[in-house]
Protein chains: 2
Amino acid sequence: MSSSLLTRARAGDAPSLSRLISLVESRPPELDSVLQEIHAAGGRAHVIGITGAPGSGKSTLVAALVRALRRRGRTVGVVAVDPSSSLTGGALLGDRIRMQEHVLDRGVFVRSMSTRGALGGVSRATVDAVAVLDAAGWDDVIVETVGVGQDEVDIMRIAHTTAVVSVPGLGDDVQAIKAGLLEIADIHVVNKADRPEADRTAAELLSMLTLAGPPGADGWAIPVLRTVALDGTGVDELADTLAAHVEWLRGSGEMERREEAAAAARIRSIARELAVARVQSPADGTAFAACARAVARRELDPHTAARSLLDARPLETV
Amino acid sequence: MSSSLLTRARAGDAPSLSRLISLVESRPPELDSVLQEIHAAGGRAHVIGITGAPGSGKSTLVAALVRALRRRGRTVGVVAVDPSSSLTGGALLGDRIRMQEHVLDRGVFVRSMSTRGALGGVSRATVDAVAVLDAAGWDDVIVETVGVGQDEVDIMRIAHTTAVVSVPGLGDDVQAIKAGLLEIADIHVVNKADRPEADRTAAELLSMLTLAGPPGADGWAIPVLRTVALDGTGVDELADTLAAHVEWLRGSGEMERREEAAAAARIRSIARELAVARVQSPADGTAFAACARAVARRELDPHTAARSLLDARPLETV
């Protein structure tokens, strides 16, 4: 069933693609062969991470970038990690509406992931959705995140190219959050560059890059671009730079290194997920609850509990 | 050695306390007996989570709250999760400076945790630091986080009482991030309540709480407090409400339930950490690297790789 979903998704059928992503997200136990097939079929898309502080206008920028990439004839999948919760419903609905111009374009596919849910659930679901889009043959897959918290930095490990969006005139606190993102930027984008403070923001980024030192001989010189997402200014240059970066990745051997790092991160992340499933598997449900109670009562420490639950589980055959 | 560190920390020696937290953070293999001792000695502190969107002024609020709690004769430990990175150094130095008035007070201990580091590292280190402060006999342990990302929501599971700080007049995007936090709030605080938009922010929170439905007969009615952290307005009321909440927890049986949920979350989190250590343990280092390479080359899928690495590891005796 799911294998034919992949076939139909590859043939361009959007409902099949949606269903396949949902299927992977719900992770039924019989999914392994599908995941194998998805993984084997992937590896051709350019995975682009777009991240930045809240209020940086990155959703508008993503919509504009999709437009620019479509003009180049590329198909574009977007996975947007949405920090809204079920309680407030579509808090970011406004952002999604900006994508509506693309609703009738069969060369664009947009999927929003809620950050609500199981521990580590978003990262995994996002990474899987990107893998499905890649396997289904999309040229570019954009992952859009708010870019705060370790989780989202982790998600960015799967991107070949990461663009970090800054915006002039945000508070210090917000800029501090961005700091964690500076280290993963391949491209800096100062959005809302028509604001008066844009020069200062660009200068700050450049001076931070100077502090970090020059790139090696075959290195990538991280550029600082300026965009006004609302009217499209600078967005074509961003699309050009994204293309140049992936070319550099392929020519320099860095692509291989990044793919291996991404693979290592995925293996670790799946191992974490497996461990949680094992310590509280239905079979061991009573043991887990009893351990939690004993830990709460200080009769047992959580490290001993975790180790014994993990070890108690009979080995699975793969 | 580390056992005597705990003894000295309990006797009020701040350098020993610092060293014990660092020791737990670096997690040497021989640490298990210390962790057992720390866990067994804990369970008396009131663990208070203070979280809110960037720019909400929560660090100033925490400093003011520490002052209020000290006036009541309570000893206060603060664990601040700091999203700055090594690249920008002390981006949040300004916040820390606000705590300087407490530097000479032996009844106050402040520890900043960097969000930079290994996957899942901050949550674990933060949770462990709280456990150490609890074991060392501090009355109140405040965990301060920016409150964005799944990671930080997870950290909040260890708090008995969580206060979510809102601020009037922030952008929609920031408010959306806060949405994930609304569900974990025991107390809402509208800080910078002297701003003109404060009434609207408080009204929005109240209407969201109304939508969520009334508390049960013995339930906790989530209050919406107003503070001006800079001049201390409303901070005593916050301290009163925190005390009332822990009393409610103890009287209603909810404390036991929360302790068990926190224990379950800790067991899961330690199991995740163990799984990662196992798949890429020094002994299996070659196997892990070979798997990552094979996954990157699409010869192996990451799920199969994770499972076989996790299973290949010989069982440890506890």
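The numbering scheme is per chain: residues are counted from 1 as the chain's sequence reads. Chains carry letters from A onward and ligands carry numbers from 1 onward, assigned in written order. For a predicted model such as this one, the threshold for reporting local features is a pLDDT of at least 70, and the threshold for listing and counting side-chain atom pairs is 80 or more; totals across whole chains, interfaces and linings nevertheless cover every residue. Side-chain numbers come from the whole structure's heavy atoms, not from hydrogens or water.

> Sorry if this is basic, but what is going on with the overall build of chain A here?
Numbering of helices and strands runs from the N terminus; a helix is a DSSP stretch of H or I covering at least four residues, while a strand is a stretch of E covering at least two. Scanning chain A for helices and strands turns up 13 helices and seven strands. In chain A, which comprises 318 residues, the share counted as buried stands at 57%. Total accessible area on chain A is roughly 12800 Å²; 54% of this is exposed by carbon and sulfur atoms. Here's how the labels work: a residue is buried when its accessible area is under 20% of the maximum for its type, exposed when over 50%, partly exposed in between, all with a 1.4 Å probe on protein chains only. Accessible surface area values rest on a Shrake-Rupley calculation with a 1.4 Å probe, where residue burial reflects the displayed protein chains alone.

> Can you walk me through the packing of helix H10 (residues 235-252) of chain A against helix H11 (residues 254-279) of chain A in this structure?
Think of two packed helices as two axes; the pair is described by the angle between the axes and how far apart they sit. All names here are of chain A. Direction vectors running N to C along H10 and H11 enclose 95°, while the axes themselves pass 5 Å from each other. By the angle between their axes, H10 is roughly perpendicular relative to H11. Taken together, the residues of H11 that come into contact with H10 (itself represented by His245, Val246, Trp248, Leu249, Arg250 and Ser252) are Glu254, Met255 and Arg258. Each residue belonging to the contact of H10 with H11 can be placed in one class, and the counts come to four nonpolar, two polar and three charged. The convention used is that axes are lines fitted to C-alpha atoms, helices contributing only their stretch in contact, and that angles between N-to-C directions extend from 0 to 180 degrees. Just so you know how the angles are binned, under 35 degrees is roughly parallel, over 145 roughly antiparallel, 65 to 115 roughly perpendicular, and the rest oblique. Any two residues having at least one pair of non-hydrogen atoms within 4.5 Å are treated as being in contact. For this scheme, ten residues count as nonpolar: Ala, Val, Leu, Ile, Met, Phe, Trp, Tyr, Cys and Pro. Four count as charged, namely Asp, Glu, Lys and Arg, and the remainder, Gly too, count as polar.

> Please explain H10(A) as it appears in this structure.
An α-helix turns once per 3.6 residues; consequently, residues spaced three or four apart project the same way. All names here are of chain A. Helix span, as expected, comes to 1.5 Å for every residue beyond the first. With 18 residues, H10 extends 25 Å from end C-alpha to end C-alpha; this agrees with the ideal 26 Å at 1.5 Å per step. Those residues of H10 that sit buried are Val235, Leu238, Ala239, Thr241, Leu242, His245, Val246, Trp248 and Leu249. Each element contacted by the buried residues of H10 is listed here: strand E1 (46-52), helix H4 (58-71), strand E5 (161-166), strand E6 (187-190), strand E7 (224-226) and H11. One or two residues past the end of H10 sits glycine 253, with phi positive at roughly 85°.

> Any chance you could explain unusual backbone geometry here in plain terms?
Non-glycine residue A:Lys192 carries a positive phi angle of around 55°. Residue placement: A:Lys192 occurs in the loop between E6 and helix H9 (198-212). On the accessibility criterion, A:Lys192 (25% relative accessible area) is partly exposed. Positive phi outside glycine occurs at B:Arg298, with the angle close to 65°. Since its relative accessible area comes to 25%, B:Arg298 is described here as partly exposed.

> Sorry if this is basic, but what is going on with the nonpolar core here?
Nonpolar side chains tend toward joint burial in soluble globular proteins. All names here are of chain B. By convention a nonpolar core is built from buried Ala, Val, Leu, Ile, Met, Phe, Trp, Tyr and Cys residues, the set being connected through side-chain atoms within 4.5 Å. Residues Leu17, Leu20, Ile38 and Leu133 are the most contacted members of the largest nonpolar core, which totals 35 residues. The set of elements that each furnish at least two residues to this core consists of helix H1 (2-10), helix H2 (14-26), helix H3 (32-41), strand E2 (76-82), strand E3 (108-114), helix H6 (121-135) and strand E4 (140-145). Discounting residues that sit within four places of it in the chain, leucine 17 has contacts with Ala9, Phe109, Val132, Leu133, Ala136 and Trp138.

> It is not clear to me how the packing of aromatic side chains should be interpreted in this structure. Could you clarify?
Aromatic rings in a pair are described by how distant their centres are and how their planes are angled relative to each other. Residue and element names in this part refer to chain A. Aromatic pairing here means that ring centres of Phe, Tyr or Trp (its six-membered ring) are within 6.5 Å. Orientation follows from the plane angle: under 30 degrees is stacked, over 60 is edge-to-face, and everything else is tilted. Tallying each qualifying case throughout the model produces four aromatic pairs over all chains. Look at phenylalanine 109 and tryptophan 138: their rings are 6.1 Å apart centre to centre, the planes differ by 50°, and that puts the pair in the tilted class. Linking phenylalanine 109 in strand E3 (residues 108-114) with tryptophan 138 in the loop between helix H6 (121-135) and strand E4 (140-145), this pair joins segments that are 29 residues apart in sequence. The exposure class assigned to tryptophan 138 is buried, which follows from its relative accessible area of 12%. Seen from their ring centres, tryptophan 220 and tryptophan 248 are 5.9 Å apart, and the 40° between their planes marks the pair as tilted. Placement of the pair is tryptophan 220 in the loop between H9 and E7 and tryptophan 248 in helix H10, with a sequence separation of 28 residues. Exposure class is identical for tryptophan 220 and tryptophan 248. Each is buried.

> Any chance you could explain the pattern of salt bridges here in plain terms?
Any two side chains of opposite charge can pair, so long as their charged atoms come close to each other. Any Lys or Arg side-chain nitrogen found within 4 Å of a carboxyl oxygen on Asp or Glu counts as a salt bridge. With the rule as written, the count across this model stands at 28 salt bridges over all chains. A salt bridge links B:Glu259 to A:Arg298; the shortest N-O distance between them is 3.9 Å. Of the two residues, B:Glu259 sits in helix H11 (residues 254-279) while A:Arg298 sits in the loop between helix H12 (285-296) and helix H13 (302-312), which places them in two different chains. Close ionic contact of B:Arg111 with B:Glu25 constitutes a salt bridge, the shortest N to O distance being 3.1 Å. Of this pair, B:Arg111 sits in strand E3 while B:Glu25 sits in helix H2, placing them 86 residues apart in sequence. Here B:Arg111 falls in the buried class, since its relative accessible area comes to 14%. Members of the salt-bridge network, linked through shared partners, are A:Arg71, A:Arg72, A:Asp236 and A:Asp240.

> In this structure, what is going on with the pairing of E5(A)? I would like to understand it.
It is a general feature of regular strands that their side chains alternate between the two faces of the sheet. All names here are of chain A. Of all the six residues making up E5, six are buried; the element is thus mostly covered by neighbouring parts of the structure. The alternating pattern of E5 places Thr161, Ala163 and Val165 and Thr162, Val164 and Ser166 on opposite faces, both of which are buried. A pair of strands counts as paired when DSSP detects no fewer than two bridges linking them. Here E1 runs beside E5; their pairing, made up of five bridges, is parallel. When the sheet's bridge partners are listed, glycine 52 is paired in E5 with valine 165.

> Looking at this structure, I do not really get the pairing of strand E5 (residues 161-166) of chain B. What am I missing?
Alignment of E5(B) against strand E6 (residues 187-190) of chain B, held across four bridges, turns out to be parallel. Within E6(B), the residue paired with B:Ala163 across the bridge is B:Ile187.

> Hey, could you run me through the packing of H11(A) against H11(B) in this one?
Between H11(A) and H11(B), the shortest axis-to-axis distance is 8 Å and the interhelical angle comes to 130°. Taken together, the axes of H11(A) and H11(B) lie oblique to each other. In the crossing of H11(A) with H11(B), the sense of the turn from one axis to the other is right-handed. Of the residues in H11(B), those in contact with A:Arg268, A:Ala271, A:Arg272, A:Ala275, A:Val276 and A:Val279 of H11(A) are B:Arg268, B:Ala271, B:Arg272, B:Ala275, B:Val276 and B:Val279. For the contact of H11(A) with H11(B), the per-class residue count stands at eight nonpolar, no polar and four charged. Crossing handedness is defined as follows: a turn of the near helix away from the far one that is anticlockwise and smaller than a right angle gives a left-handed crossing, while the clockwise case is right-handed.

> What is the right way to look at the environment of B:Pro215 in this model?
One can find B:Pro215 in the loop between helix H9 (198-211) and strand E7 (224-226). Those residues in contact with B:Pro215 that lie beyond four places of it in its chain are B:Trp220 and B:Ala221.

> Which parts of the structure should I look at to understand the environment of A:Thr233?
Residue and element names in this part refer to chain A. Structurally, threonine 233 is set in the loop between E7 and H10. Separated by 40 residues in sequence, threonine 233 and alanine 193 place their C-alpha atoms 8.9 Å apart. Dropping the residues within four chain positions of it, threonine 233 is found in contact with Arg226, Thr227 and Val228.

> Would you mind going over the side chain of A:Thr161 with me for this structure?
The residue A:Thr161 is located in strand E5 in this model. Those residues in contact with A:Thr161 that sit more than four places away from it in its chain are A:His46, A:Val47, A:Ile48, A:Gly49, A:Asp186, A:Ile187, A:Leu242, A:His245, A:Val246 and A:Leu249.

> Where do I start with the side chain of B:Glu254 in this structure?
Relative to the helices and strands, B:Glu254 resides in helix H11. Filtering out sequence-adjacent residues up to four positions away, B:Glu254 remains in contact with B:Trp248 and B:Leu249.

> Can you help me understand the confidence of the model for chain A in this one?
In low-pLDDT regions, the fine details of the predicted coordinates are not to be read closely. Residue and element names in this part refer to chain A. Looking at chain A, the pLDDT average stands at 82 and 79% of residues meet or exceed 70. Values of pLDDT, which run from 0 to 100, indicate the predictor's confidence residue by residue. Looking over chain A, one finds the lowest element-wise mean pLDDT in helix H5 (residues 93-97), namely 47, and the highest in H10, namely 97. Below a pLDDT of 50 lies the segment residues 84-95, which in the model reaches 23 contacts outside its immediate sequence neighbourhood of four places, other chains included. Interface confidence for the predicted complex, expressed as ipTM, amounts to 0.82; the pTM equals 0.73.

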